[in-house]
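# Chain and residue survey
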Amino acid sequence: MIHLDAAFSQQFTPAELPAAVRAALGKPLRRAAVLTQLALLGAFAALPAERRSLPTALLWQSTSGPRLETLTLLAEIGGGGGEPMPYDFLATQPALAAAQIQPFLPGLQAASHVPLDNAKDANWGLLLSLAMAWLNEGRYSQVLCAQLDHRSDLGSGHWLLLSRAPGTASLARLAMAASEPSGLPDIPELPARIAHWLASPGPSRRQLESPAGRGQTVEFARL
């Protein structure tokens, strides 16, 4: 059985982000891309210290990706300033976010980035179904699923934590079920929608709208 252990969202302005990272680590994370900092803060918020060494996977999607970092790199190349700085190039590689946070999350064994093509829709259905399959196979003890995005004025992270073993913090159970026409929309803010449902009176079960699910979707059930 798969359990939902955390569902939350975070937002940081550019001025707030370095201070939040410093508060989490006790030191700054120098020359780290915004996506890396968002990944670190979300992982630390989702996982207490005693769970950071458990076998963990990270699945994250993004609409923005490293767009601002890429524009910075192109400006350096096209501005006649010579070779770009190495850390500016590394910031354009989203796959490196996991490598940069792994020293602080020693259980992190795998990570995958899923780019999105618009800001309105997400693909939580893909992330959650893959996470559930990996957990059922016993590959990992827990899987972090996230959407990370940043603009010039704001960075955001939306997080769900799934695990195989029920814990004292478990919020709901997850399973695959036959899809129904009305459910939770597959949008970036899904974790906040789930948290609101769990904190309010209402139906005992909610499903994720998943048009690509071929009749199957992820169902959340209150504990």
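Residues numbered from 1 in each chain as written. Predicted model: local features only at pLDDT ≥ 70, side-chain atom pairs only at ≥ 80, totals over all residues. Heavy atoms only, no water.

### Examining the packing of helix H1 (residues 16–25) against helix H2 (residues 34–46)
The contact between H1 and H2 brings their axes to 10 Å, and the two run at 45°. Comparing the axis directions of H1 and H2 gives the class oblique. The two elements H1 and H2 meet at a crossing, and its hand is left-handed. Along its contact with H1, which presents Leu17, Pro18, Ala20, Val21, Ala24 and Leu25, the element H2 presents Val34, Gln37, Leu38, Leu40, Leu41 and Phe44. (Axes fitted to C-alpha atoms, helices over the stretch in contact; angles between N-to-C directions. Helix = DSSP H or I, 4+ residues; strand = E, 2+ residues; numbered from the N terminus. Parallel < 35°, antiparallel > 145°, perpendicular 65-115°, else oblique. Left-handed = near helix turned anticlockwise from the far one by under 90°. Contact = heavy atoms within 4.5 Å.)

### Observations concerning the sheet that holds strand E4 (residues 142–150)
For sheets, the rule is that strands pair by backbone hydrogen bonds, running either parallel or antiparallel. Taken in spatial order, the 8 strands of this open sheet run E3-E2-E4-E5-E1-E6-E8-E7, and their pairing is mixed. Where the open sheet ends on each side, the last strands, each with one partner, are strand E3 (108–115) and strand E7 (205–207). Going across the sheet, the axis of each strand differs from the next one's by a mean of 30°, ignoring polarity. When strand E6 (residues 172–178) meets strand E8 (residues 216–222), the two strands line up antiparallel, connected through 7 bridges. By the bridge assignment for E8, Arg173 is matched with Ala221. Its contacts with the sheet place H2 against strand E1 (2–12), strand E2 (56–62), E4 and strand E5 (155–163), and it is angled at close to 140° to E4. (Pairing = 2+ DSSP bridges.)

### Re the side chain of His158
Mapped onto the fold, His158 is located in strand E5. Of the polar contacts made by the side chain of His158, one reaches the side chain of Ser9; its length is 2.7 Å. For His158, the residues in contact, after removing those within four places along its chain, are Phe8, Ser9, Trp124, Cys145, Ala146, Gln147, Pro188, Glu189 and Pro191. (Polar contact = N/O pair within 3.5 Å; in protein donor to acceptor, adjacent residues only side chain to side chain.)

### Section: the packing of aromatic side chains
Counted under the stated rule, the structure contains 1 aromatic pair. The aromatic ring of Phe44 is capped on one face by Arg52, whose charged end is 3.8 Å from the ring centroid. (Phe/Tyr/Trp six-rings, centres within 6.5 Å; stacked < 30°, edge-to-face > 60°. Lys NZ or Arg CZ within 6 Å of the ring centre and 35° of its normal.)

### Considerations on the side chain of His3
With respect to the helices, strands and loops of the structure, His3 is situated in strand E1. Looking at His3, the relative accessible area reads 7%, which means it is buried. With residues up to four places along the chain from it excluded, the contact list for His3 reads Leu161, Leu162, Ser163, Arg164, Ala165, Pro166, Ser170, Ala172, Arg173 and Leu174. (Buried < 20%, exposed > 50% of the residue type's maximum accessible area, 1.4 Å probe, protein only.)

### As for the pattern of salt bridges
Per the stated rule, a full pass over the model turns up 4 salt bridges. Between Arg139 and Glu137 there is a salt bridge; the shortest N-O distance is 2.8 Å. Put simply, Glu219 and Arg205 hold a salt bridge, and the shortest N to O gap is 3.1 Å. You can see Glu219 sitting in strand E8 and its partner Arg205 sitting in strand E7, a full 14 residues away along the chain. Relative accessible area serves as the criterion here: at 16%, Glu219 is assigned to the buried category. (Salt bridge = Lys/Arg side-chain N within 4 Å of Asp/Glu carboxyl O.)

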